[in-house]
Amino acid sequence: MSERSSGERRTGLLNGFAAYGMWGLVPLFWPLLKPAGAAEILAHRMVWSLAFVAVALLAVRRWAWAGELLRQPRRLALVVLAAGVITVNWGVYIWAVNSGHVVEASLGYFINPLVTIAMGVLILKERLRPVQWAAVGVGLAAVLTLTVGYGRPPWISLCLAFSFATYGLVKKKVNLGGVESLAAETAIQFLPALGYLLWLSAQGRSTFAAEGAGHAALLASTGFVTALPLVLFGAAAIRVPLSTLGLLQYLAPVFQFLLGILYFHESMPVERWAGFALVWLALSLLTWDGLRAARRAARLRATLGIPPRTVAGSAVAGSPVASGAADTLPASAVVAAQVVPGAVAPEPGLGAVPAQAGPGAVAGEPGTGPVAAGSGADPAEA
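Anyway, here's the lowdown on the structure attached to this text. (Residues numbered from 1 in each chain as written. Predicted model: local features only at pLDDT ≥ 70, side-chain atom pairs only at ≥ 80, totals over all residues. Heavy atoms only, no water.)

Here's the deal with the overall build of the protein chain
Okay, step 1: Scanning the protein chain from terminus to terminus reveals 15 helices and zero strands.
Okay, step 2: In the protein chain, which comprises 382 residues, the proportion classed as buried is 56%.
Okay, step 3: Carbon and sulfur atoms make up 69% of the accessible area of the protein chain, which totals about 15100 Å². (Helix = DSSP H or I, 4+ residues; strand = E, 2+ residues; numbered from the N terminus. Buried < 20%, exposed > 50% of the residue type's maximum accessible area, 1.4 Å probe, protein only. Areas by Shrake-Rupley, 256 points an atom, 1.4 Å probe, with all protein chains shown as cover.)

Some details on the packing of aromatic side chains
Okay, step 1: The tally for this structure, following the rule as stated, stands at 20 aromatic pairs.
Okay, step 2: Seen in terms of ring centroids, Trp23 and Phe233 are 6.0 Å apart; in terms of plane orientation they differ by 50 degrees. Their pairing is tilted. Separated by 210 residues along the polypeptide, Trp23 in helix H1 (residues 3-25) and Phe233 in helix H10 (residues 222-237) bring together distant segments of the chain. Considered together, Trp23 and Phe233 belong to a single accessibility category, that of buried residues. (Phe/Tyr/Trp six-rings, centres within 6.5 Å; stacked < 30°, edge-to-face > 60°.)

Considering a nonpolar patch on the surface
Okay, step 1: Together, Leu25, Leu28 and Tyr263 line one region of the surface with nonpolar side chains, adding up to about 290 Å² of accessible area.
Okay, step 2: Tracing the backbone through its elements, the reader meets Tyr263 in helix H12 (residues 251-263).
Okay, step 3: Judged by its relative accessible area of 52%, Tyr263 falls in the exposed class. (Patch = residues over 30% accessible without salt bridge, like charges linked within 9 Å, V, L, I, M, F, W, Y side chains within 5 Å. Salt bridge = Lys/Arg side-chain N within 4 Å of Asp/Glu carboxyl O.)

Concerning the environment of Val88
Okay, step 1: When you line up the elements, Val88 lands in helix H4 (residues 73-98).
Okay, step 2: You can call Val88 partly exposed: its relative accessible area is 40%.
Okay, step 3: Separated by 46 residues in the primary sequence, Val88 and Leu42 have C-alpha atoms spaced 9.7 Å apart.

Let's talk about the nonpolar core
Okay, step 1: Of all hydrophobic cores here, the largest spans 47 residues; its most connected members are Trp30, Ile41, Val53, Trp65, Tyr93, Leu160 and Leu176.
Okay, step 2: Looking at this core, the elements that each hand over two or more residues are helix H2 (38-60), helix H3 (64-70), H4, helix H5 (102-122), helix H7 (155-174), helix H8 (178-202) and H10.
Okay, step 3: Take this core: its biggest share by element is eleven residues, from H4.
Okay, step 4: Sequence-distant contacts of Leu160, that is, excluding residues within four places in its chain, are made with Asn89, Val92, Tyr93, Ala105, Gly108 and Tyr109.
Okay, step 5: Counting 28 residues, the second largest nonpolar core, distinct from the first, contains Phe110, Ile117, Leu128 and Val138. (Core = buried A, V, L, I, M, F, W, Y, C linked by side-chain atoms within 4.5 Å. Contact = heavy atoms within 4.5 Å.)

Things to note about the pattern of salt bridges
Okay, step 1: Considering all chains together, one arrives at six salt bridges under this definition.
Okay, step 2: Of the charged contacts, one joins Arg239 and Glu8 as a salt bridge, the two residues approaching to 3.2 Å between their closest N and O atoms. Residue Arg239 is found in the loop between H10 and helix H11 (242-248), and its partner Glu8 is found in helix H1; the two are separated by 231 residues along the sequence.
Okay, step 3: For Glu8, a relative accessible area of 35% puts it in the partly exposed group.
Okay, step 4: Residues Glu180 and Arg62 are paired through a salt bridge, measuring 2.6 Å at the closest nitrogen-oxygen approach. On the criterion of sequence distance, the pair formed by Glu180 in helix H8 and Arg62 in the loop between H2 and H3 is long-range, its members being 118 residues apart.
Okay, step 5: When its relative accessible area of 8% is taken as the criterion, Glu180 is described as buried.
Okay, step 6: In the salt-bridge network here, residues are joined through shared partners; they are Arg129, Asp289 and Arg292.

Nothing here speaks to function; it is geometry throughout.
This is the structure in structure tokens:
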């Protein structure tokens with residue numbers, strides 16, 4: 001490996017750690033916005049995220065995609081759907097954190113890869129390898145165990161996992177880069193969000209101006225908190241392999257889980273530990289199978305004389321943010337790079353445009369993306 005490529009990879013890893021670290025630690029941020037309720041915080045997040053990415057796009061003069069999108073009603077309709085689904089994801093996550101359900105919220109992002117694979121099979125008719133089927137089965141057993149442990153289905157986790165997986169599925173069809181996607185979705189969210197904030201103010205229930213300048217600044221910073229990890233993820237995605245991002249993705253829910261137990265002191269009875277243990281077993285199977293597939297794909301590429309690939313196709317096009325790998329690969333093939341909550345996604349909710357679409361999605365060409373993430377296809381078919 002050359003000195004330059006080694007340095008690029010180190011830079012990519014640092015950006016990846018920073019992105020997933022921010023998504024993992026974001027539960028510390030939302031409680032700072034109290035006494036604002038989840039709905040008010042969500043509305044501010046939409047409004048200020050648009051302001052932040054608009055400035056970023058103006059700075060790099062990258063607006064050509066907007067005109068193309070407006071001329072394609074089907075893609076625009078998918079962006080509207082994506083905006084609606086991520087609104088649910090963001091709202092549930094913010095409410096969960098500020099209502100004392102950080103551990104259950106983290107579970108949603110642990111099981112998200114399993115839900116994504118299941119949706120790939122049920123909706124996209126993708127094929128799974130035996131180990132992937134086993135992982136999905138263990139994941140289902142985990143949900144049943146946690147239902148017993150909670151005395152109810154873990155609906156917060158399921159809502160976060162299914163909304164984020166649906167978001168990624170829709171994003172596969174849109175083919176927009178991470179920052180561009182966040183701009184398009186928040187532009188759709190902007191008017192309803194602004195209208196809600198104006199209504200709150202007219203009712204005398206807005207906290208933006210009533211709790212001091214510090215509180216107002218924190219609410220405005222939701223745009224920064226949403227967009228910055230997405231940009232960092234994009235910088236990582238064009239420098240490191242998909243399999244590496246697949247391992248880094250677990251940092252966010254791990255950090256959230258640890259915060260829930262050690263910082264927020266949420267209870268973890270034996271039944272919940274058992275359920276989480278099954279989830280981690282399922283993810284271990286999925287990761288092992290994905291890494292094995294990556295090695296097979298690497299050997300195949302070496303045999304065919306094809307140079308190694310990173311996740312970035314956008315780098316070739318000169319984009320500073322990775323775009324679209326998730327939009328061109330099978331849903332199960334991008335599980336490993338799935339973003340977490342919130343970028344436009346992963347933090348939860350921010351999840352960047354899920355790696356599937358990802359908190360900046362990873363990039364690639366149709367059919368040529370890394371099989372490392374565990375595509376149901378045989379490497380020879382990738």
